[in-house]
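Remarks on the overall topology
The residues making up each chain are set out below.
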Amino acid sequence: MTRLYINGIEVDLEEGTTLLEAVEHLGIEIPTLCFHPGLSAYGACRLCVVELGDGRLVSACTYPVQEGLQVRTHSPRVLRARRMLIELLLSICPGSKRLQDLAAEHQVERVRFSVRDERCILCGLCVRMCAEQMMAHAIGFVNRGYRRRITTPFDLTSDVCRRCGGCLYICPVCELRCQGPEAPSVVCGSCMTPAPTCPPVYEDLACYMGAAGECGTCVRGPRTPDRRSPDFTRRRESV
Amino acid sequence: MKIRTLEQLKALQGELRAARDHKPCVRVCGGTGCRARGSEEVLARFTTLLQEAGLAEAVDLRFTGCHGLCERGPLVSLAPEGIFYQGVEADDVRAIVMETLARGVVIERLLAQDPVTGKRVRREQEIPFYRRQHRLVLRFNGVIDPTDIREYIAFGGYHALGMVLTRLTPDEVIEIIERSGLRGRGGAGFPTGKKWRLARAAPGSRKYVICNGDEGDPGAFMDRSVLEGNPHSVIEGMIIGAYAVGAAQGIIYVREEYPLAVRTLEIALAQARDYGFLGEEIFGSAFSFDMEIVRGAGAFVAGEETALIAAVEGKVSEPRQRPPYPVHRGVWGHPTVINNVETWANVPVIIERGPEWFASLGTATSKGTKIFSLVGKVANTGLVEIPMGMTLRELIEEIGGGAPPPREIKAVQIGGPSGGCLPKTLFDLPIDYESLTEAGAMMGSGGLIVMDDRTCMVDVARYFMDFLRDESCGKCLPCREGTNRMYELLTAICEGRATESDLELLEELAQVVRETSLCGLGQTAPNPVLTTLRYFRSEYEAHIRERRCPAGVCKALIRYVINAERCTGCLACLSPCPQQAIRGQLKQPHVIDQERCIKCGICHEVCQFEAVEIV
């Protein structure tokens with residue numbers, strides 16, 4: 001057994017456990033994006049960074065528990081780093097509801113970088129899904145640095161892909177598009193206001209209630225105006 | 001012939017010395033720099049002319065590794081007198097053979113000049129560039145022929161290995177390395193003895209030693225020069241290390257861009273096998289070891305040890321989480337010691353001369369010497385080896401010879417793209433691991449780029465960031481996207497589009513990239529930005545507040561104009577202008593058409609009256 005301290009709480013865990021498992025064991029929530037319990041840990045999105053006693057920030061999903069380790073999951077440095085990482089993520093993928101929700105949770109209220117809508121954060125979940133669960137190895141990374149992207153070998157239609165859709169299923173950004181006001185240029189921000197929550201609403205999907213945007217729970221259909229605009233206020237009043 | 005005992009080795013050494021010591025020797029530099037300047041032709045000319053003069057038997061001719069003073073190549077030195085000729089061209093060879101070798105007359109015009117007294121100096125040791133150096137790892141570079149193992153043996157090579165295998169236990173070897181205080185020369189400076197001890201203690205029957213020759217910093221060529229000039233010192237160090245940690249296999253990882261180093265290594269490995277230094281039961285002991293060369297495809301990130309392991313295994317070179325460290329889980333999951341080329345080359349010296357002697361060099365925490373490749377705006381560029389603790393000023397001004405006037409040195413980038421820019425005011429800083437880290441730079445592998453007052457520090461930071469965003473493997477977000485965004489922000493500053501808040505954002509982002517990146521590349525990537533912000537903030541502010549580039553480099557912020565008072569109307573700048581943007585009559589002041597000017601700076605260079613000014 002390995003004894004370590006998470007936010008001051010003493011905890012004994014088996015060797016080989018990761019810090020993320022340790023943190024979750026205690027019921028503490030930290031954000032993850034490139035991690036999935038069914039796939040190997042990758043440590044790429046860095047959202048799960050925690051602060052160690054020596055001041056280093058390490059990704060909890062890949063770091064093994066060590067005897068006497070002091071871990072802080074929500075120190076000011078950790079939170080500052082997570083906010084910057086979310087801002088970077090949003091700047092390349094503003095249309096993702098997962099990211100918009102993360103932004104709301106972490107009080108990220110602006111994106112100061114020029115926005116490019118790439119619809120991929122290169123978290124590698126689809127690549128690992130394809131390789132580890134579907135045993136297909138149909139997709140992978142090509143290039144490095146800022147030119148990195150995910151594709152099939154030589155960009156050709158893959159012979160080994162079985163069209164299982166596993167990659168789409170696991171993608172944190174291409175499923176659940178955020179229907180924010182003027183995406184992709186701004187932080188949606190609607191989840192931050194105390195007004196009703198914002199479940200995904202799709203114009204072309206059936207609303208369980210039969211009428212998207214009219215029941216009052218979901219206040220913003222795709223064509224509804226910004227909730228903070230005077231237009232929105234009028235609409236609320238009429239409801 | 002296989003060497004089985006220490007006595008056999010000593011006898012062979014004696015024989016080789018007897019055959020060569022009485023003969024004069026011509027050493028032509030065969031380093032990459034001198035080869036580029038035509039030293040192969042010089043060598044060929046020597047061969048034919050020595051034949052012609054009937055001196056082929058009486059004079060030894062050797063094509064050696066890098067002599068160091070690359071700036072003045074091709075270099076030729078003559079033993080035993082130690083005469084040092086620089087800038088030797090093929091046409092000078094006849095004079096050297098006929099005058100110096102045949103009649104003992106020194107050719108004055110090929111000698112180096114002392115920059116202070118202006119006097120011609122004859123011997124290598126009298127040149128300021130060499131006088132302040134302490135050549136330990138490079139002691140045989142420029143002396144021996146790297147393609148002949150007998151040369152290395154003649155100078156005592158493999159003697160340290162023989163002593164280790166016949167007289168010392170692995171633990172004793174590790175203790176010697178620990179006592180010497182040797183630290184990794186690849187950048188981070190981890191104590192080598194400690195690394196070896198961890199690997200020795202790690203459970204596992206199969207262990208590996210690896211030589212990291214993936215030198216990727218722009219402007220750095222220390223490791224290449226050692227591999228090209230004295231490959232056996234690295235091989236000997238690795239065999240000793242393998243014995244100490246209990247490894248049976250070694251790997252030398254060299255980048256494919258170093259064809260000469262790969263070739264000399266291949267020859268050296270084959271010869272070491274012939275002499276029994278590699279293979280079964282080395283020196284008659286129970287220890288067997290062999291190694292192979294793995295050629296890297298040239299990714300900067302492959303210098304990171306976990307990425308290097310991935311590359312050796314045939315995977316894409318991407319780093320992974322440490323721990324587990326390679327000493328516990330390395331190549332194919334086996335305990336692995338990875339050391340830099342220079343670190344390995346230090347090992348035989350320490351065994352040979354003793355850890356106490358080695359520890360007497362350098363400072364309290366940084367022992368021994370360090371090789372730097374001195375490049376940029378200094379008079380003497382080249383390869384230098386200095387004892388740790390020497391100040392930057394001594395290195396740059398005394399060995400490097402300072403900047404050629406009228407330019408002045410402004411800063412130095414130490415440690416490559418992961419290092420930092422240190423200003424002139426810090427030049428009294430001693431060169432050791434701790435001092436450099438404290439100043440925001442790092443020892444790195446030993447690249448040293450000197451910059452003069454015509455260098456814009458924002459532009460420098462932008463250059464390195466462009467390099468890093470390209471060389472980041474792209475696995476983790478802060479490094480991939482962070483370097484890309486820092487590059488965008490720096491470009492905006494250079495183009496005069498940035499605001500004060502962009503500067504704040506740049507600083508904030510740099511901090512986060514440093515703290516959260518997965519591997520050493522990302523963690524050190526913001527260093528050029530952070531150090532230039534720390535020491536040259538006023539330049540950033542000038543770009544942002546005044547839309548002005550103080551060094552006159554950033555094209556968007558400068559204009560070339562002709563000072564009518566200085567212009568003599570010589571017409572010299574008119575035809576070189578690729579845009580035909582300059583108008584003027586003979587003996588009338590010329591004018592640059594700003595609409596057409598692309599700011600290439602050619603007119604500025606060709607004008608002999610300094611009439612073209614940057615505003």
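Model, not experiment: these values are computed from the prediction. (Residues numbered from 1 in each chain as written. Chains lettered and ligands numbered in written order. Predicted model: local features only at pLDDT ≥ 70, side-chain atom pairs only at ≥ 80, totals over all residues.)

Comments concerning the overall build of chain A
- Scanning chain A for helices and strands turns up 6 helices and 7 strands.
- What you see in chain A, going N to C, is helices and strands ordered as β-β-α-β-β-β-α-α-α-β-β-α-α.
- For chain A, the residues scored as buried account for 35% of the 239 residues in total.
- Of all intrachain contacts in chain A linking residues separated by at least 6 positions in sequence, the fraction that spans at least 24 positions is 52%. (Helix = DSSP H or I, 4+ residues; strand = E, 2+ residues; numbered from the N terminus. Buried ≥ 20, exposed ≤ 12 C-beta atoms within 10 Å, placed from the backbone. Contact = placed C-beta atoms within 7 Å.)

Focus on unusual backbone geometry
- Cis peptide bonds are those with omega within 30 degrees of zero, and the linkage from B:Ala79 to B:Pro80 qualifies with 5 degrees.
- Tracing the backbone shows B:Pro80 in the loop between strand S3 (76-79) and strand S4 (83-85).
- Within the chain, A:Gln107 stands out as a residue other than glycine whose phi angle is a positive 55 degrees.
- Considering the arrangement of structural elements, one finds A:Gln107 in the loop between helix H3 (97-105) and helix H4 (125-133).

Re the interface of chain B and chain A
- Contacts between the two partners involve 26 residues from chain B and, on the opposite side, 24 residues from chain A.
- Where the side of chain B that touches chain A is concerned, the elements lending two or more residues are helix H18 (457-471), helix H19 (477-494) and helix H20 (500-516) of chain B.
- The leading source of residues in the side of chain B that touches chain A is H19(B), at 8 residues.
- Counted by class, the side of chain B that touches chain A contains 10 nonpolar, 6 polar and 10 charged residues. (Nonpolar A, V, L, I, M, F, W, Y, C, P; charged D, E, K, R; others polar.)

Regarding the sheet that holds strand S13 (residues 409-414) of chain B
Residues and elements named next belong to chain B.
- The sheet built from 5 strands is open, its strands ordered S12-S11-S15-S13-S14 with mixed pairing. Every interior strand has two partners, whereas the edge strands, strand S12 (382-387) and strand S14 (420-423), have only one. Direction aside, the axes of adjacent strands within the sheet are offset by 30 degrees on average.
- As paired elements, S13 and S14 share 4 bridges and run antiparallel to each other. Opposite Ile414, over in S14, you have Gly420 as the bridge partner. (Pairing = 2+ DSSP bridges. Axes fitted to C-alpha atoms, helices over the stretch in contact; angles between N-to-C directions.)

Thoughts on the nonpolar core
- Residues A:Leu89, B:Ile239, B:Ile240 and B:Val412 are the most contacted members of the largest nonpolar core, which totals 230 residues.
- Not counting chain neighbours up to four residues away, the residues in contact with B:Ile240 comprise B:Ala160, B:Leu161, B:Val164, B:Val173, B:Val347, B:Pro348 and B:Ile351.
- B:Ala581, B:Ile592, B:Cys607 and B:Val612 belong to the second-largest nonpolar core, a separate cluster that totals 12 residues. (Core = buried A, V, L, I, M, F, W, Y, C linked by C-beta atoms within 7 Å.)

Quick notes on the domain arrangement of chain B
- Each assigned domain of chain B is listed with its residue range as follows: domain 1 (16-127), domain 2 (149-358), domain 3 (369-452), domain 4 (457-545) and domain 5 (559-615).
- Look at where the C-alpha atoms of domain 1 of chain B and domain 4 of chain B centre, and you get two points 47 Å apart. (Domains from an automatic or database assignment.)

Brief notes about the sheet that holds strand S10 (residues 336-340) of chain B
Residues and elements named next belong to chain B.
- Ordered by their spatial adjacency, 4 strands build an open sheet running S9-S8-S7-S10, and the pairing between neighbours is parallel. Among the strands making up the open sheet, the edge pair consists of strand S9 (290-296) and S10. Taking the axes of each pair of neighbouring strands and ignoring which way they run, one obtains an average angle of 20 degrees across the sheet.
- Two strands pair when backbone bridges link them, and strand S8 (residues 249-255) and S9 are joined in this way by 7 bridges, in the parallel orientation. Within the sheet, the bridge partner assigned to Val254 lies in S9 and is Arg295.

Describing the packing of helix H2 (residues 76-92) of chain A against H20(B)
- Two numbers describe how H2(A) lies on H20(B): the axes approach to 10 Å, and their chain directions differ by 110 degrees. When the interaxial angle is binned, H2(A) and H20(B) end up roughly perpendicular. Contact residues: A:Arg77, A:Ala81, A:Met84 and A:Leu85 in H2(A); B:Glu508, B:Leu509, B:Val512, B:Glu515 and B:Thr516 in H20(B).
- Residue composition of the contact of H2(A) with H20(B), grouped by class: 5 nonpolar, 1 polar and 3 charged. (Parallel < 35°, antiparallel > 145°, perpendicular 65-115°, else oblique.)

Side note on the environment of B:Glu228
Residue and element names in this part refer to chain B.
- Positionally, Glu228 belongs in helix H10 (residues 222-229).
- The exposure class assigned to Glu228 is buried, which follows from the 25 C-beta atoms found within 10 Å.
- With 196 residues separating them in the primary sequence, Glu228 and Thr32 have C-alpha atoms 8.6 Å apart.
- Here Glu228 is in contact with Gly31, Thr32, Gly65, Cys66, Pro146, Leu260, Ala261 and Thr264, once residues within four sequence places are set aside.

Description of the packing of H10(B) against helix H12 (residues 259-274) of chain B
Residue and element names in this part refer to chain B.
- It is at 8 Å that the axes of H10 and H12 come closest, and there the two elements cross at 35 degrees. Here H10 and H12 pass one another in a crossing that is left-handed. In contact with Arg224, Leu227 and Glu228 of H10, H12 contributes Leu260, Ala261, Thr264 and Leu265.
- When the residues that make up the contact of H10 with H12 are grouped by side-chain class, the tally is 4 nonpolar, 1 polar and 2 charged. (Left-handed = near helix turned anticlockwise from the far one by under 90°.)

Examining helix H7 (residues 159-167) of chain B
- Looking only at H7(B), the buried set comprises B:Ala160, B:Leu161, B:Gly162, B:Val164 and B:Leu165.
- Of the surrounding secondary structure, the elements contacted by the buried residues of H7(B) are helix H1 (6-20), helix H8 (170-180), helix H11 (231-245) and helix H14 (341-353) of chain B.

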